[in-house]
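For reference, the chains in residue letters:
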Amino acid sequence: MRNLLKAVVVALIFSSSCFAENNLQAYISLDEATKQIIEGTYNKVLGAQTEIIDGQEVHIIKVLTPDGRIKYYKIDAQTGQLVS
């Protein structure tokens, strides 16, 4: 009986850890999103903040381009992808 109980406990622990791994979502921090935007460019970051847009967390990064224009980038916090 003890061996059966041990086997059940091990199975539950293993199955819950697998379940948790399958439900993990990627997340990109505001700092990572900002670095992603300015990496390899000469843009200067003027500001950055996170907002909820249509129920999704979005990082908004305001930059000054080398030609003096202000540009806003929106990065999906879950995927790290640029939002149009």
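This text gives an overview of the structure that appears in the document. Note that the coordinates shown come from a computational prediction; the quantities given were computed from them, not determined experimentally. (Residues numbered from 1 in each chain as written. Predicted model: local features only at pLDDT ≥ 70, side-chain atom pairs only at ≥ 80, totals over all residues. Heavy atoms only, no water.)

This brings us to the pairing of strand β1 (residues 44–53). Across nine bridges, β1 lies against strand β2 (residues 56–64) in antiparallel orientation. From the neighbouring strand, G47 faces β2, where its bridge partner is K62. Hairpin connection, β1 to β2: the antiparallel pair is bridged by two residues, and D54 has positive phi, about 50°. (Pairing = 2+ DSSP bridges. Helix = DSSP H or I, 4+ residues; strand = E, 2+ residues; numbered from the N terminus.)

Within the fold, G80 resides in the loop between β3 (70–76) and β4 (82–83). Ignoring any residue separated from it by four or fewer positions in sequence, one finds G80 in contact with I28, Q36 and I75. (Contact = heavy atoms within 4.5 Å.)

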